[in-house]
Amino acid sequence: MVKVERTFPAPASLAEEEKKANGSYREPDVIERLYRDFHNKCYICEIGNLQDPQVEHLLPHQNGRYPERKFDWNNLFLSCGHCNSVKNQRKYDVGIIDCCKEDPEEQIWFRLHEKETQVSAKDGENAQAVLTAQLVTEVFNQRNTGLRTRASAQRLHELTLEMDKFYAALEEVTEYPESAFALRKMQVLLRRESAFAAFKRNYIREHQERYSKLFAYIA
């Protein structure tokens, strides 16, 4: 999960659909804007090139119990079906980090160690960060149903492949520190727009002394 810059004003359809008895918050202009703002990534797991996109409410509207949340542009996020399903638990109703208003990287460690995710709050007293870290951990490790087991395993596999590509690029930069091509490749991999960016950026952050030249790419 990384910081996302939401664009304004809100998609025009939201105000019109809110007036209807059965209005939709999934009109084409909403979907197009979410895809653009969130860089075609799920905001929770960061898997790219979404095949099962969903419009997710950061704070649930609970079937009309909170109607003000249903069409609120600030409350609409782009997620994959798996993450939306996992997040649909009462414990997450109080709200996780709003990555459009706060930077999750400042509050959470994102690590992949021996093909296992280790996601944790930097401050154990920060309840929102703890809850968010728990959610991110769950979406990579949920095993309570067959479909969720498969979806979690797929995300972990994709994360592992992306990190392997990242580690190979790091070796290239280390071997050829003056290579503009190698540095450009690393810069692309470390952009917030890239898949699983939080894990890659966190690795540089935790190895800043070794990769000080790359730190500028995540500043």
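Whatever comes next refers back to the structure up there.
Just so we're clear, the structure is a prediction, and the values are computed from it rather than from any experiment.

A. Here's a closer look at the side chain of K200. For K200, the position within the fold is in helix α8 (residues 197-206). Within the structure, K200 has its side chain in polar contact with the side chain of S194 (distance 3.0 Å). Look past the residues within four positions of K200 in its chain and what remains in contact with it is E162, M163, F166, L189, L190, S194 and A195.

B. The pattern of salt bridges, seen in detail. On inspection of all chains with the given rule, the structure shows 16 salt bridges. The shortest N-O distance in the salt bridge between E105 and R201 comes to 2.9 Å. A residue pair is termed long-range when its members are at least 10 positions apart, and E105 in the loop between α4 (81-87) and β3 (108-113) and R201 in helix α8 qualify at 96 residues. Per residue, the accessibility class of E105 equals that of R201, and both read buried. Bridged by salt links that share partners, the residues D103, E105, R192, R201 and R205 form one connected network.

C. Inspection of the nonpolar core at higher detail. In terms of nonpolar packing, the biggest core is built from 62 residues, with F38, Y43 and I44 touching the most fellow members. Residues contacting I44, with those up to four places away along its chain left out, are M1, C83, K87, L135, V136 and V139.

D. Quick look at the packing of helix α6 (residues 146-175) against helix α7 (residues 180-189). At a minimum axis separation of 9 Å, α6 and α7 run at an interaxial angle of 150°. As judged from the angle between their axes, α6 and α7 are roughly antiparallel. Of the two elements, α6 crosses α7, and the hand of that crossing is left-handed. Within the contact between the two elements, α6 uses E162, K165, F166, A169, L170, E172 and V173 and α7 uses F181, A182, L183, K185, M186 and L189. In terms of residue class, the contact of α6 with α7 is built from nine nonpolar, no polar and four charged.

E. Broad picture of the environment of W109. Inspection of the secondary structure puts W109 in strand β3. For W109, a relative accessible area of 25% translates into the label partly exposed. Once the C-alpha coordinates of W109 and E206 are considered, the two residues, 97 residues apart in sequence, prove to be 9.3 Å apart. With sequence-adjacent residues up to four places away left out, W109 is seen in contact with Q118, V119, S120, A121, K122, N202 and E206.

F. Seen up close, unusual backbone geometry. Put simply, F8 and P9 share a cis peptide bond, and its omega is 5°. Of note, P9 is situated in the segment before α1 (12-18). Positive phi values are uncommon outside glycine, yet N40 reaches one of about 55°. Here N40 is to be found in the loop between α2 (28-37) and β1 (53-57). Taking the relative accessible area as the measure of exposure, N40 reaches 22% and is therefore partly exposed.

G. Structural detail: the packing of aromatic side chains. Applying the stated rule across the entire model yields 11 aromatic pairs. For the ring pair F140 and F196, a centre distance of 6.3 Å and an interplane angle of 50° mean the geometry is tilted. Pair noted here: F140 is in helix α5 (residues 127-141) and F196 is in the loop between α7 and α8, with a separation of 56 residues, a long-range link. By relative accessible area, which is 0% here, F140 ends up buried. Given the relative accessible area of 2%, F196 is considered buried. An aromatic cluster of three or more residues is present, and its members are F110, F140, F196 and F199. The ring of W73 has R6 lying over it, and the distance from NZ or CZ to the ring centre is 4.9 Å. One cation-aromatic arrangement involves K122 over W109; the distance from NZ or CZ to the ring centre is 4.3 Å.

Conventions and cut-offs
Residues numbered from 1 in each chain as written. Predicted model: local features only at pLDDT ≥ 70, side-chain atom pairs only at ≥ 80, totals over all residues. Heavy atoms only, no water. Helix = DSSP H or I, 4+ residues; strand = E, 2+ residues; numbered from the N terminus. Polar contact = N/O pair within 3.5 Å; in protein donor to acceptor, adjacent residues only side chain to side chain. Contact = heavy atoms within 4.5 Å. Salt bridge = Lys/Arg side-chain N within 4 Å of Asp/Glu carboxyl O. Buried < 20%, exposed > 50% of the residue type's maximum accessible area, 1.4 Å probe, protein only. Core = buried A, V, L, I, M, F, W, Y, C linked by side-chain atoms within 4.5 Å. Axes fitted to C-alpha atoms, helices over the stretch in contact; angles between N-to-C directions. Parallel < 35°, antiparallel > 145°, perpendicular 65-115°, else oblique. Left-handed = near helix turned anticlockwise from the far one by under 90°. Nonpolar A, V, L, I, M, F, W, Y, C, P; charged D, E, K, R; others polar. Phe/Tyr/Trp six-rings, centres within 6.5 Å; stacked < 30°, edge-to-face > 60°. Lys NZ or Arg CZ within 6 Å of the ring centre and 35° of its normal.

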